[in-house]
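Now for the letters of each chain:
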Amino acid sequence: PTRQRLIGAALELFVPRGVTETTTKQIAELAEVNEVTLFRNFGSKHGLLLAVIEEAAVFTKLGESLVDRTNQTSSIHETLKDYAIGCLQALERVPEVVRTGVGEAGTDPAENRAALRRSLPGTNRDAAEYFAAAIDRQKLHTHLSAEKLASLLNGMLVGYAVIEFTGDFHGLWHDRGVFLENLVTV
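Everything numeric here is computed off the predicted structure, so don't read it as measured data.

**Student:** Looking at this model, I keep getting lost on the environment of Gly18. Mind explaining?
**Tutor:** The topology assignment puts Gly18 in the loop between helix 1 (2-17) and helix 2 (24-31). For Gly18, a relative accessible area of 6% translates into the label buried. Sequence separation between Gly18 and Pro95 is 77 residues; the distance between their C-alpha atoms is 9.0 Å.

Take a look at the structure:
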């Protein structure tokens, strides 16, 4: 319960204030624990941020929903667009985490950067399975493996989210729909 209260308090404070502007003292006070308890459980605010990301399970839920939808799309275009929309919606649930990942990327401890890198292969694996099923079902011949397709697509989606969530106007696309259509076409 203490760990869950700290994660809940951090998420509640990170969303409106951002990770940088939220102090460990504020989190501990909201969770009604001593600040030392936060450090015992997570080591640092960055350790708590990793727990928040894992607890939010945004990409785990996306992967599970992909498994449920594997045989529901009728074309590769629909498969790719469905995935891209789901991924951007997942990233939208944690915009402060995206902003913090960009803004604090150079200051994160090495173990936090490593933990974030470890979380990406699971997302790529789920997406690759989803794409492979669509490719097999439609008997498509592709130049890229499903794994490479997933990796490239995820990189572009995260890049788009970074641009969208960290600036008022990015000027590269008229709107998200235009971006998605161009992405799927590529």
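**Student:** Is there a simple way to explain the pattern of salt bridges in this structure?
**Tutor:** Close approach of charged atoms allows side chains with opposite charge to pair. For the coordinates displayed, the defined rule picks out two salt bridges. Residue Lys81 is joined to Glu181 by a salt bridge in which the shortest nitrogen-to-oxygen separation is 2.4 Å. Pair noted here: Lys81 is in helix 6 (residues 76-92) and Glu181 is in helix 10 (residues 176-185), with a separation of 100 residues, a long-range link. Overall, the relative accessible area of 25% leaves Lys81 in the partly exposed class. One salt bridge connects Glu164 with Arg176, and the closest N-O pair in it is separated by 2.5 Å. Taken together, the residues Glu164 in helix 9 (residues 146-166) and Arg176 in helix 10 connect sequence positions 12 residues apart. With relative accessibility at 23%, the residue Glu164 sits in the partly exposed group.

**Student:** What is the right way to read the packing of helix 2 against helix 3 (residues 35-42) from this model?
**Tutor:** One can describe the packing of helix 2 onto helix 3 by two numbers: an axis separation of 8 Å at closest approach and a directional angle of 100 degrees. One way to sum up the angle between helix 2 and helix 3 is to call them roughly perpendicular. Contacts between helix 2 and helix 3 involve Thr24, Lys25, Ile27 and Ala28 on the former and, on the latter, Glu35, Leu38 and Phe39. Of the residues that constitute the contact of helix 2 with helix 3, the class distribution is four nonpolar, one polar and two charged.

**Student:** Would you explain the nonpolar core in this entry?
**Tutor:** A general trend in soluble globular proteins is that nonpolar side chains are found buried together. If you look at the biggest cluster of nonpolar residues, it comprises 21 residues, and the most contacted ones within it are Tyr83, Leu88, Phe131, Leu153, Leu157 and Phe179. Mapped onto this core, the elements with two or more residues apiece are helix 6, helix 8 (110-137), helix 9 and helix 10. For this core, the element with the most residues is helix 9, which contributes seven residues. Residues within four places of Phe131 in sequence aside, it is in contact with Thr79, Leu80, Tyr83, Ala146, Leu149, Ala150 and Leu153. By size, the runner-up hydrophobic cluster in this structure holds 17 residues, among which are Ala10, Ala28, Val33 and Phe42.

**Student:** Got a minute to help me understand the packing of aromatic side chains in this structure?
**Tutor:** Each pair of aromatic rings is reported with the distance of its centres and the angle of its planes. A complete count under the given rule lists three aromatic pairs for this structure. With a centroid separation of 5.2 Å and 80 degrees between ring planes, the pair formed by Tyr83 and Phe131 is classed as edge-to-face. Taken as a pair, Tyr83 in helix 6 and Phe131 in helix 8 lie far apart in primary sequence, 48 residues in all. Here Phe131 falls in the buried class, since its relative accessible area comes to 0%. Ring centres of Tyr130 and Phe131 lie 5.9 Å apart, and the angle between their planes is 40 degrees; on these two criteria the pair is classed as tilted.

Thresholds, definitions, all that
Residues numbered from 1 in each chain as written. Predicted model: local features only at pLDDT ≥ 70, side-chain atom pairs only at ≥ 80, totals over all residues. Heavy atoms only, no water. Helix = DSSP H or I, 4+ residues; strand = E, 2+ residues; numbered from the N terminus. Buried < 20%, exposed > 50% of the residue type's maximum accessible area, 1.4 Å probe, protein only. Salt bridge = Lys/Arg side-chain N within 4 Å of Asp/Glu carboxyl O. Axes fitted to C-alpha atoms, helices over the stretch in contact; angles between N-to-C directions. Parallel < 35°, antiparallel > 145°, perpendicular 65-115°, else oblique. Contact = heavy atoms within 4.5 Å. Nonpolar A, V, L, I, M, F, W, Y, C, P; charged D, E, K, R; others polar. Core = buried A, V, L, I, M, F, W, Y, C linked by side-chain atoms within 4.5 Å. Phe/Tyr/Trp six-rings, centres within 6.5 Å; stacked < 30°, edge-to-face > 60°.

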